[in-house]
Amino acid sequence: MFEMTKTKYVVSGGIAFSEKKDLQVLKNFAAKGWIVKRYKRMGYELEKREPELVDYSIDIRNLADEDKDEYFAMFEFAGWEHVCSRYDTHLFKAPVGTTPIYSDNSSKADKLLRLRKSIVPAVYMAALLTLVSYFVMVFAEGTFEEIAKWSFNVFIVLLFPCVLMYIALTYRSMRLQ
C-alpha cells in the first residue's frame, strides 16, 4: 500500500527578491493543509495537517536570548503566532484579516534596512576573498595560480548573489521611503 508523504519542501525565492510571493505561496499551501514546520536550507519544510486560512509574515531582528520571550509575546499579543526562526529571520502566522505586522512604509523600510545590514559582512567577505584570490592568481605561478583560479571562480559565484541581494534591498527600502 502506498502512503502519502507527510512533508514537502518549498524553495524560497529569497526575502530580498520575492518575500511577498513566498508568503503568498505559503498561504496557498496552508489553505490546502500544508503548514510550515520550519526553515530548511533555502526554503521551507511543510507538513500535512488540517487546512488553515492564515497569512504569513517575516520579521528580521537580531535578538539576544534574554529578549526572545518578550519579542515573541509581543507578536502573540497582536495575534501573530511564531512559526519558526533561522538566524535573525522570524516567521509568523495569523488568521486572515489580522492587522499586518508591517502596516506602514516606514516600518517596512526599517525591516529591509535591518536585513541589508545583516548581509553586509557577507558582501565584504566575498569581495575580499575574490580580490585576494584574483591577486594571487595574477602574481602566483604553478599550483598556487591554479588554486587561485579555482578560488576566484568560486568567490565570484558567491559575491554575485550577495551584491544582487544588497542592491535589491537598497532599492526596495528606497522605494518605501
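Before reading further, recall that the structure is shown in the block above.
Residues numbered from 1 in each chain as written. Predicted model: local features only at pLDDT ≥ 70, side-chain atom pairs only at ≥ 80, totals over all residues. Heavy atoms only, no water.

Turning our attention to unusual backbone geometry. Backbone geometry places Arg41, a non-glycine residue, at a positive phi of 50°. Along the chain, the position of Arg41 falls in the loop between strand E2 (34-40) and strand E3 (43-48). The phi dihedral of Tyr87 falls on the positive side, at around 55°, and the residue is not glycine. Within the secondary structure, Tyr87 is located in the loop between strand E5 (81-86) and strand E6 (89-95). Exposure remark for Tyr87: the relative accessible area of 74% places this residue in the exposed category. (Helix = DSSP H or I, 4+ residues; strand = E, 2+ residues; numbered from the N terminus. Buried < 20%, exposed > 50% of the residue type's maximum accessible area, 1.4 Å probe, protein only.)

A word on the packing of aromatic side chains. This structure, assessed with the given rule, holds nine aromatic pairs. For the ring pair Tyr39 and Tyr44, a centre distance of 5.4 Å and an interplane angle of 35° mean the geometry is tilted. You can call Tyr44 buried: its relative accessible area is 3%. When the centroid spacing of 4.2 Å and the interplanar angle of 20° are considered together, the rings of Phe75 and Phe92 count as stacked. (Phe/Tyr/Trp six-rings, centres within 6.5 Å; stacked < 30°, edge-to-face > 60°.)

Now for the layout of surface pockets. Space left empty within the atom packing is revealed by a probe, the size of a water molecule, rolled over the atoms. For the largest pocket, the calculated volume is near 790 Å³. Considering the residues around the largest pocket, the lining is formed by 21 residues, among which Gly14, Ile15, Arg41, Met42 and Met165 are closest to the centre. Elements with a contribution of two residues or more to the lining of the largest pocket: helix H1 (15-31), E3, helix H3 (105-139) and helix H4 (143-176). By residue class, the composition of the lining of the largest pocket is twelve nonpolar, six polar and three charged. Space inside the second largest pocket adds up to approximately 660 Å³. Contributing to the lining of the second largest pocket are 23 residues, with Glu19, Lys20, Leu23, Lys108 and Lys111 lying nearest its centre. (1 Å grid on protein atoms, 1.4 Å probe; cavity = no way out; pocket = protein on both sides within 12 Å on 5 of 7 lines; lining within 4 Å. Points joined across faces, edges and corners; volume = space filled by probe spheres on them. Nonpolar A, V, L, I, M, F, W, Y, C, P; charged D, E, K, R; others polar.)

We now examine a nonpolar patch on the surface. Together, Met125, Leu128, Leu129, Val132, Val136 and Phe144 give the surface a local cluster of nonpolar side chains, amounting to about 540 Å² of exposed area. Sorting elements by how many residues they give to the nonpolar patch places H3 first, with five residues. Along the chain, the position of Met125 falls in helix H3. (Patch = residues over 30% accessible without salt bridge, like charges linked within 9 Å, V, L, I, M, F, W, Y side chains within 5 Å. Areas by Shrake-Rupley, 256 points an atom, 1.4 Å probe, with all protein chains shown as cover. Salt bridge = Lys/Arg side-chain N within 4 Å of Asp/Glu carboxyl O.)

This part takes up the side chain of Ser57. Relative to the helices and strands, Ser57 is located in strand E4 (residues 54-60). Judged by relative accessible area, Ser57 falls into the buried class, the value being 10%.

Here the focus is the packing of H3 against H4. For the pair H3 and H4, the least separation of the axes is 7 Å and the interaxial angle reads 160°. Classified by the angle their axes make, H3 and H4 are roughly antiparallel. When the axes of H3 and H4 are compared, the crossing they make is left-handed. Here the contact of H3 with H4 is composed, by residue class, of 27 nonpolar, six polar and five charged. (Axes fitted to C-alpha atoms, helices over the stretch in contact; angles between N-to-C directions. Parallel < 35°, antiparallel > 145°, perpendicular 65-115°, else oblique. Left-handed = near helix turned anticlockwise from the far one by under 90°.)

A few words now on the sheet that holds strand E1 (residues 7-11). Here we have three strands laid out as an open sheet, ordered E1-E3-E2, and antiparallel in their pairing. Looking at the sheet topology across the chains shown, the edges are occupied by E1 and E2. Strand-to-strand twist across the sheet, computed as the mean angle between neighbouring axes with direction ignored, equals 30°. In terms of strand pairing, E2 meets E3 through six bridges, oriented antiparallel. Residue pairing across strands places Trp34 opposite Lys48, the latter belonging to E3. (Pairing = 2+ DSSP bridges.)

Right, let's talk about the packing of H1 against H4 for a bit. The contact between H1 and H4 brings their axes to 9 Å, and the two run at 60°. Between H1 and H4, the crossing angle belongs to the class labelled oblique. Contact with H1, carried on its side by Ile15, Ala16, Phe17 and Glu19, involves Leu164, Met165, Ala168, Leu169 and Arg172 of H4 and no other residues of that element. Residue composition of the contact of H1 with H4, by class: seven nonpolar, no polar and two charged. (Contact = heavy atoms within 4.5 Å.)

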